[in-house]
Amino acid sequence: MKKIFPLVLISIGVAMISVLSQFTIPFGPIPLTLQTLMIGIIGTIYKPSHAFVTVCLYLLLGFLGFPVFAGGAGGASHFLGPTAGFLLFFPFRAWITSLFTSAKSSLVTIFLANLLSSALLFVSGAIGFMLVTHTDLQKAFALVVAPFILADLIKLVIITITSKAIFASLKHHWYFK
């Protein structure tokens with residue numbers, strides 16, 4: 001059971017990111033999605049290596065052409081497009097969050113760990129956008145950071161509350177100690 005459970009968690013995580021990626025709102029060159037919500041939850045409740053692998057497998061499916069990216073997209077070309085910086089940093093966002101959180105983490109710790117990793121995701125996303133589109137920092141910030149700040153803060157609150165609820169419901173499970 002101890003060898004199979006992490007594989008089940010990873011599979012569920014990949015499926016959940018894939019499903020939540022389909023909920024999109026067009027927001028200019030970068031859509032607003034719920035995939036980062038699930039990546040934050042995975043980063044918060046999974047062990048670091050499992051969080052990282054989960055998101056890497058999600059990206060692999062997308063790279064191979066499965067329609068798991070925002071709006072049912074897939075294919076290697078997304079790693080060369082305006083969202084490349086975000087996509088490539090997703091596993092690190094989950095991993096960084098996971099390093100700072102556990103079942104014993106306070107609401108503040110969970111929120112701050114997710115805030116840090118989300119901020120780093122924005123930096124990576126903006127840099128990737130600038131490299132691909134040849135825009136300057138001010139334009140990249142205006143297009144791929146500023147419009148998403150409020151939505152991401154709301155996601156961080158949801159991640160924090162949801163993660164604490166998950167930890168509470170699984171407090172006696174060996175994986176979450």
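Residues numbered from 1 in each chain as written. Predicted model: local features only at pLDDT ≥ 70, side-chain atom pairs only at ≥ 80, totals over all residues. Heavy atoms only, no water.

Enquirer: Please give an account of the overall build of the protein that cites residues and values.
Expert: Secondary structure assignment for the protein yields seven helices and two strands. Starting at the N terminus and walking to the C terminus, you meet the elements of the protein as α-β-β-α-α-α-α-α-α. Projected onto its principal axes, the C-alpha coordinates of the protein cover approximately 50 × 35 × 25 Å. Buried positions account for 44% of the 177 residues belonging to the protein. Across the protein, every contact between residues at least 6 apart in sequence was considered, and the portion connecting residues at least 24 apart equals 67%. (Helix = DSSP H or I, 4+ residues; strand = E, 2+ residues; numbered from the N terminus. Buried < 20%, exposed > 50% of the residue type's maximum accessible area, 1.4 Å probe, protein only. Contact = heavy atoms within 4.5 Å.)

Enquirer: Residue-level account of the packing of helix H3 (residues 48-63) against helix H4 (residues 84-100), with values.
Expert: Across the interface, H3 lies against H4 with an axial gap of 8 Å and an inter-helix angle of 165°. With respect to their mutual orientation, H3 and H4 come out roughly antiparallel. For the element pair H3 and H4, the recorded crossing hand is right-handed. In this structure, H3 uses Pro48, Ala51, Phe52, Val55, Cys56, Tyr58 and Leu59 to contact H4, whose residues at the interface are Leu87, Phe90, Pro91, Phe92, Ala94, Trp95, Ser98 and Leu99. Taken together, the residues of the contact of H3 with H4 sort by class into 14 nonpolar, one polar and no charged. (Axes fitted to C-alpha atoms, helices over the stretch in contact; angles between N-to-C directions. Parallel < 35°, antiparallel > 145°, perpendicular 65-115°, else oblique. Left-handed = near helix turned anticlockwise from the far one by under 90°. Nonpolar A, V, L, I, M, F, W, Y, C, P; charged D, E, K, R; others polar.)

Enquirer: So what's going on with the UniProt feature "transmembrane region" (unreviewed entry) in the protein? Residues and values would help.
Expert: Following the UniProt record, one finds the feature "transmembrane region" (unreviewed entry) at residues 7-24, 51-70, 76-96, 108-132 and 144-167. With 65% helix and 0% strand, residues 51-70 has end C-alpha atoms that lie 20 Å from one another. Across residues 76-96, helical content stands at 62% and strand content at 0%; the span's end C-alpha atoms are separated by 25 Å. (UniProt positions renumbered as here; feature names shortened; annotations may be inferred.)

Enquirer: Account for the packing of aromatic side chains, with residues named and values stated.
Expert: Going through the model one piece at a time under the given rule, you end up with six aromatic pairs. A centroid spacing of 5.3 Å and a plane angle of 65° characterise the contact between Phe52 and Phe92, whose relative ring orientation is edge-to-face. Here Phe52 is found in helix H3, whereas its partner Phe92 is found in helix H4, with 40 residues between them in sequence. Taking relative accessible area as the criterion, Phe52 reaches 27% and is therefore assigned partly exposed. An angle of 75° between the planes, with centres 5.6 Å apart, marks the rings of Tyr58 and Phe69 as edge-to-face. With Tyr58 in helix H3 and Phe69 in the loop between H3 and H4, the pair connects residues that are eleven residues apart, well separated along the chain. Aromatic rings pair up to connect Tyr58, Phe63, Phe69 and Phe79 into one cluster. (Phe/Tyr/Trp six-rings, centres within 6.5 Å; stacked < 30°, edge-to-face > 60°.)

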